[in-house]
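Structural overview for review
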Amino acid sequence: MAVHPTDLGEIRLAEHSWFFAGGQHVETDEGGFLEGSMYVENYVPAARTQDVPVVMVHGKGQTGIGFTGTPDGRRGWLHDFLRAGYQVYVVDQPERGRSGHGMSTLRQPDGLTRSPAERVERIFTPGRAVSDRPRSRHHDQWPGTGVRGDADFDQFYSSQVESLSDGRRTQELNRAALVALLDRIGRAVLLTHSQSGSFGWAVADARPDLVAAILAVEPHGPPFHTVMFEPAGGAWYRYAEGRSLPWGISALPLTYEPPASTADDLQPVLDEESGDEESVMAYRLGRPRRLPNLAGIPILIVSGQASYHACYDYATSLFLTDAGVENDYVALQDVGITGNGHMMMQEKNNHQIADWLLGWLDGRASG
């Protein structure tokens, strides 16, 4: 494989700094603490050519380092965007990584969760590719074997950290911190991945004028219910009871027109005409409603050929379209980029994917 330009030569910085965004002081019986702040690392290329910066937000179990390099030692998406002339902010979610944990959380062992190696081999790498996840057979872009003991796998697994177990609380903290970040830095592109996909929609709803575009890489989904890869009723999957995303694409209230007083007002219905042997059926809005604050923001949703997200990311795009939000949904294999799993920014063709993202973004998020 030819060496990509991103991995060659210098990428000079005009500035490299860090700060914390958001957070609030709370009082406990042991004293006062600052909780909910977000670590932000700021990279400004010497050859900056783009007016609008990019904020990169990682997914569950990860930290910002997932964008700064790969397990096999190559440069990451951070460097691709710097090379393209973008200022880049890379964050660690609140209560994660360099953002630290609040003392109240540390006193509650059940408040944190971390993925065992078996789960990482099963859903992120091809080490335990299984037939219950459609398209996993295509996964050939992961560096190394994808199993414990392989050097690249061990580097990746070493980067996995604990996350808050409470999904709604995670969304609340990240929405607040990302809003504080945009209030500080101004208009920016949000590049979200996996769990943080739901943050992007909530932040755009809260600060539509400050979100120049959203690059949603395999965002948290599908709408309303979590997909369980367990055979049920003759199908290879089932939907979990309860709604992990009661507001469709978020656990937090969003601004709908006509207004929705509660999440139940959305009346989700299962579209039995959607889906196929490798795609789930989609939950859709039960009555016409719009998401006016998201309308007009350039939005791209991307899924990889071999990822477990490949069977349902289309439903998130369909939901946004139903809600009056124009968006582009791209399955990477349809643009000639094949073999990728969920952690595509870590894989062998990561630069090729970044180049495609940059091409899509070109001109769409001008200042």
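Quick look at the side chain of S279 now. Topologically, S279 is positioned in the loop between strand 13 (269-271) and strand 14 (282-284). A residue is classified by how much of its surface remains accessible, and S279, at 9% relative accessible area, is buried. Within the local environment of S279, its side chain forms a polar contact with the side chain of R135, the two groups lying 3.0 Å apart.

So, on to helix 6 (residues 197-206). With respect to burial, helix 6 is a largely interior element, nine of its ten residues being buried. Among all positions in helix 6, only G197, S198, F199, G200, W201, A202, V203, A204 and D205 are buried. Packed against the buried residues of helix 6 are strand 5 (54-57), helix 5 (167-185), strand 9 (188-194), strand 10 (211-219), strand 15 (299-303) and helix 7 (313-322).

This paragraph deals with the side chain of S37. As for its placement among the helices and strands, S37 is situated in the loop between strand 3 (31-35) and strand 4 (38-45). With sequence-adjacent residues up to four places away left out, S37 is seen in contact with F20, A21, G22, G23, P94 and S99.

Before going further, it helps to examine helix 8 (residues 350-361). With twelve residues, helix 8 should cover 16 Å at 1.5 Å per step; its first-to-last C-alpha distance of 16 Å lies within 8% of that length. Three or more residues of helix 8 are buried, namely N350, H351, I353, A354, L357, L358, W360 and L361. Among the residues trailing helix 8, G363 stands out with phi positive, at a value near 85 degrees.

Moving on: the packing of aromatic side chains. The full count for this structure, using the stated rule, is 16 aromatic pairs. Taken together, a centroid distance of 5.9 Å and an interplanar angle of 90 degrees make the contact between Y237 and Y239 edge-to-face. Judged by relative accessible area, which is 10%, Y237 ranks as buried. Its relative accessible area of 14% is what places Y239 among the buried residues. Among the aromatic residues, those joined into a ring-pair cluster are F229, W236, Y237, Y239, Y283 and Y308. Stacked on the ring of Y308, the Lys or Arg R133 has its end atom at 5.9 Å from the ring centre. Against the face of F19 rests R184, its NZ or CZ located 3.8 Å from the ring centre.

Bringing the nonpolar core into the picture now. Among the nonpolar cores identified, the biggest contains 91 residues, and W77, F81 and L291 are the most heavily contacted of them. Looking at which element gives the most residues to this core, the answer is strand 10, with seven residues. The residues contacting L291, other than those within four sequence positions of it, are I249, L254, T255, Y256, F319, L320, A323 and V325.

What counts as what
- Residues numbered from 1 in each chain as written.
- Predicted model: local features only at pLDDT ≥ 70, side-chain atom pairs only at ≥ 80, totals over all residues.
- Heavy atoms only, no water.
- Helix = DSSP H or I, 4+ residues; strand = E, 2+ residues; numbered from the N terminus.
- Buried < 20%, exposed > 50% of the residue type's maximum accessible area, 1.4 Å probe, protein only.
- Polar contact = N/O pair within 3.5 Å; in protein donor to acceptor, adjacent residues only side chain to side chain.
- Contact = heavy atoms within 4.5 Å.
- Expected span 1.5 Å × (residues − 1).
- Phe/Tyr/Trp six-rings, centres within 6.5 Å; stacked < 30°, edge-to-face > 60°.
- Lys NZ or Arg CZ within 6 Å of the ring centre and 35° of its normal.
- Core = buried A, V, L, I, M, F, W, Y, C linked by side-chain atoms within 4.5 Å.

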